[in-house]
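Tertiary structure, described
Chain by chain, the residues run as shown.
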Amino acid sequence: MNPPYPPTSTFREALQAESPLQIAGAINAYAALQAQSAGFLALYLSGAGVANHSYGIPDTGLTELEDVLIDVRRICGRVKLPLLVDIDTGWDDPAKAVREVAAAGAAAVHIEDQVAAKLCGHLPGKYLVPKEEMVARVRAAVSGKPHSNFTIMARTDAVAVEGLAAAIDRARAYVAAGADMIFAEALRSLDDIRAFTREVKVPVLINLTEFGMTPYFTMEEMREAGVAMVLYPLSASRAAASASLEIYHAIRRNGTQSDVVDRMQTRTELYEMLGYQPPK
């Protein structure tokens, strides 16, 4: 396997190149190649993506650091775009998590303020750690930074649990503890997003995951609301999973793939994406 590529730019440089910065979720190295070919300037490895797609389990805090590192190494061994990695709650040692994810080739991480047995940020029933405990997580994560260009993002799930004002208060505390950027999860309206970005004086990421609490805002709406980054964590993988299931059903039902071949990527298209020239 290839060693990790040094990113062609830092996460901050990507942020300066596009406003808002669109960040594409990639569940594996091939998906990362596809996102790169589509013109995205930054990539994201979701904890849910690792749990759901690499292990076939729900995203409830069951995966460990090494599970995430496997996919980080594979992506960063193939693609040079800066990668933001979800490190959940830090696995009891945020400094170690940051050091190892950075060594695997990532450019940034985010760490969240849920309890260790966490849930998807757009589900009900979430529980948060006290603000002071999350501040300690952020400080530990910052202490693991390998260099000043590595980005630490603090995610708060407090809007859905404690309300907007409490989420803003938490975000400010996380910035004071050293977070470079804030991931504001599950905001429901542009007014709430505007209020959040107005009060939090670092770049703010909004997650536009499908089937969640946040509407599918446009880039122009996000720009006007002061958002610095827009995340699409699993959009392509959801589409691919749906298409794959249809193909499996068709082959099983019909006893042949002939009726659905026209919906498949061709061998030539695959080789083009891989940059591979087969022998003639």
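The sections below set out a description of the structure shown in this document. (Residues numbered from 1 in each chain as written. Predicted model: local features only at pLDDT ≥ 70, side-chain atom pairs only at ≥ 80, totals over all residues. Heavy atoms only, no water.)

On inspection of all chains with the given rule, the structure shows 1 aromatic pair. Centroid distance Tyr 271 to Tyr 276: 4.9 Å. Interplanar angle 80°. Geometry classified as edge-to-face. Relative accessible area serves as the criterion here: at 22%, Tyr 271 is assigned to the partly exposed category. Of note, Arg 155 hangs over the ring of Phe 183, and the distance from its end group to the ring centre comes to 5.3 Å. (Phe/Tyr/Trp six-rings, centres within 6.5 Å; stacked < 30°, edge-to-face > 60°. Buried < 20%, exposed > 50% of the residue type's maximum accessible area, 1.4 Å probe, protein only. Lys NZ or Arg CZ within 6 Å of the ring centre and 35° of its normal.)

Here we come to helix H8 (residues 164–176). Counted at 1.5 Å a residue, the expected span for H8 with its 13 residues is 18 Å, and the 18 Å between its end C-alpha atoms agrees. Considered for burial, the residues of H8 that qualify are Ala 167, Ile 168, Arg 170, Ala 171, Ala 173 and Tyr 174. Here the buried face of H8 lies against helix H6 (131–143), strand E5 (151–156), helix H7 (158–162), strand E6 (181–184) and helix H9 (190–199). At the exit of H8 stands Gly 178, carrying a positive phi of roughly 120°. (Helix = DSSP H or I, 4+ residues; strand = E, 2+ residues; numbered from the N terminus. Expected span 1.5 Å × (residues − 1). Contact = heavy atoms within 4.5 Å.)

Turning next to the nonpolar core. If you look at the biggest cluster of nonpolar residues, it comprises 64 residues, and the most contacted ones within it are Leu 43, Val 72, Val 85, Ile 87, Tyr 174, Phe 196 and Ile 206. No other element matches the 6 residues that helix H4 (residues 65–76) contributes to this core. Excluding its chain neighbours within four sequence positions, the residues that come into contact with Ile 87 are Ala 97, Val 98, Val 101, Val 109, His 110 and Ile 111. Core analysis: the next-biggest nonpolar cluster, separate from the first, contains 17 residues, Phe 11, Ala 14, Leu 84 and Met 181 among them. (Core = buried A, V, L, I, M, F, W, Y, C linked by side-chain atoms within 4.5 Å.)

To continue, consider helix H5 (residues 94–103). Burial in H5 covers these residues: Pro 94, Ala 95, Ala 97, Val 98, Val 101 and Ala 102. One face of H5 carries all of its buried residues, which in axial projection span an arc of 160°. Taken from the residues just after H5, Gly 105 is the one with a positive phi, measuring 115°. (Arc of directions from axis to C-beta.)

Turning next to the pairing of strand E3 (residues 83–86). Alternating positions in E3 separate into two faces, Leu 83 and Val 85 on one and Leu 84 and Asp 86 on the other, with burial throughout. Pairing of strand E2 (residues 42–45) with E3 involves 3 bridges; the strand directions are parallel. Opposite Leu 43, over in E3, you have Leu 83 as the bridge partner. Both E3 and strand E4 (residues 108–112) contribute to a ladder of 3 bridges, which runs parallel. Across the sheet, the residue bridging to Asp 86 is His 110, located in E4. Considered for its hand, the β-α-β crossover made up of E3, H5 and E4 is right-handed. (Pairing = 2+ DSSP bridges. Right-handed = clockwise from strand over helix to strand, strands pointing away.)

As enumerated under the stated definition, the model contains 17 salt bridges in all. For Arg 12, the salt bridge goes to Asp 180, with nearest N and O atoms at 2.9 Å. On the criterion of sequence distance, the pair formed by Arg 12 in helix H1 (residues 11–17) and Asp 180 in the loop between H8 and E6 is long-range, its members being 168 residues apart. Between Arg 73 and Glu 66 there is a salt bridge whose closest N-O contact spans 2.9 Å. (Salt bridge = Lys/Arg side-chain N within 4 Å of Asp/Glu carboxyl O.)

With that out of the way, let us pick up the side chain of Asp 86. Mapped onto the secondary structure, Asp 86 falls in strand E3. At 2.8 Å, the side chain of Asp 86 forms a polar contact with the backbone nitrogen of Asp 88. Apart from residues no more than four positions distant in its own chain, Asp 86 is found in contact with Tyr 44, Leu 45, Ser 46, Gly 47, Ala 48, Val 68, Trp 91, His 110 and Glu 112. (Polar contact = N/O pair within 3.5 Å; in protein donor to acceptor, adjacent residues only side chain to side chain.)

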